[in-house]
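Observations on the model geometry
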Amino acid sequence: MVAQGKAFVYGNNVDTDVIIPARYLNNSDPAALASHCMEDIDADFVNEVEAGDVIVAGKNFGCGSSREHAPLAIKTAGVSCVIAQTFARIFYRNAINIGLPILECEEAVNEVEKGDELMVDFAAGTITNKTRNKTYQTQPFPPFIQAIIAADGLVGRVKEELS
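Predicted model, so just to flag it, every value in this text is computed and none were measured. (Residues numbered from 1 in each chain as written. Predicted model: local features only at pLDDT ≥ 70, side-chain atom pairs only at ≥ 80, totals over all residues. Heavy atoms only, no water.)

1. Things to note about the side chain of D116
- By the secondary structure assignment, D116 is in the loop between α6 (106-111) and β5 (117-121).
- Of the residues examined, D116 reaches a relative accessible area of 2% and is grouped as buried.
- In contact with D116, not counting residues within four places along its chain, are G5, K6, A7, E111, N129, T131 and R132. (Helix = DSSP H or I, 4+ residues; strand = E, 2+ residues; numbered from the N terminus. Buried < 20%, exposed > 50% of the residue type's maximum accessible area, 1.4 Å probe, protein only. Contact = heavy atoms within 4.5 Å.)

Below, the structure is given as structure tokens:
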């Protein structure tokens with residue numbers, strides 16, 4: 001699995017209330033959630049994001065509440081993966097469960113700038129910054145997580161196993 005897109009860069013402690021503000025949680029439609037993704041931290045995000053783009057952030061990405069809406073809003077907005085220095089534990093699980101790839105790579109986080117073109121190979125665990133001609137190594141997904149991501153999430157993977 002490979003993803004490619006431009007980087008949107010954020011700092012530390014990006015919480016779920018900034019990813020998808022609570023005032024929009026009365027709607028469970030993924031497209032409606034995506035239309036408000038990141039608006040409290042980056043008002044231009046929803047107008048600039050394109051399918052395949054990548055969010056890059058610092059420590060503790062996805063902290064705050066345990067709502068699944070946050071990774072769902074990110075994924076539905078078109079983001080192909082999130083790269084962070086670290087993730088909040090529940091966000092990590094929620095992201096994998098809905099099929100949103102996430103990777104930890106401190107070196108990439110420290111060097112990637114907004115707009116850099118990134119290519120991510122999940123099986124190899126490489127993040128290539130095509131703008132700066134630099135490649136970073138991170139832990140690749142184990143095969144069982146690759147299967148969950150490829151099936152568009154845990155529910156899809158279970159359905160595959162049952163059929």
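2. Points about the nonpolar core
- With 50 residues, the main nonpolar core has F45, F61, I74, I83 and F91 as its most contacted residues.
- Excluding residues within four positions of it along the chain, F61 makes contact with V14, I19, I55, I74, V82, A84, T86, F87, A88 and F91. (Core = buried A, V, L, I, M, F, W, Y, C linked by side-chain atoms within 4.5 Å.)

3. Some details on the environment of A108
- Its place among the elements puts A108 in helix α6.
- The spatial distance from the C-alpha of A108 to the C-alpha of A77 is 22 Å, given a sequence separation of 31 residues.

4. Points about the packing of aromatic side chains
- Throughout the structure, instances matching the rule amount to six aromatic pairs.
- What links up through ring pairs into an aromatic cluster is the set F61, F87, F91 and Y92. (Phe/Tyr/Trp six-rings, centres within 6.5 Å; stacked < 30°, edge-to-face > 60°.)

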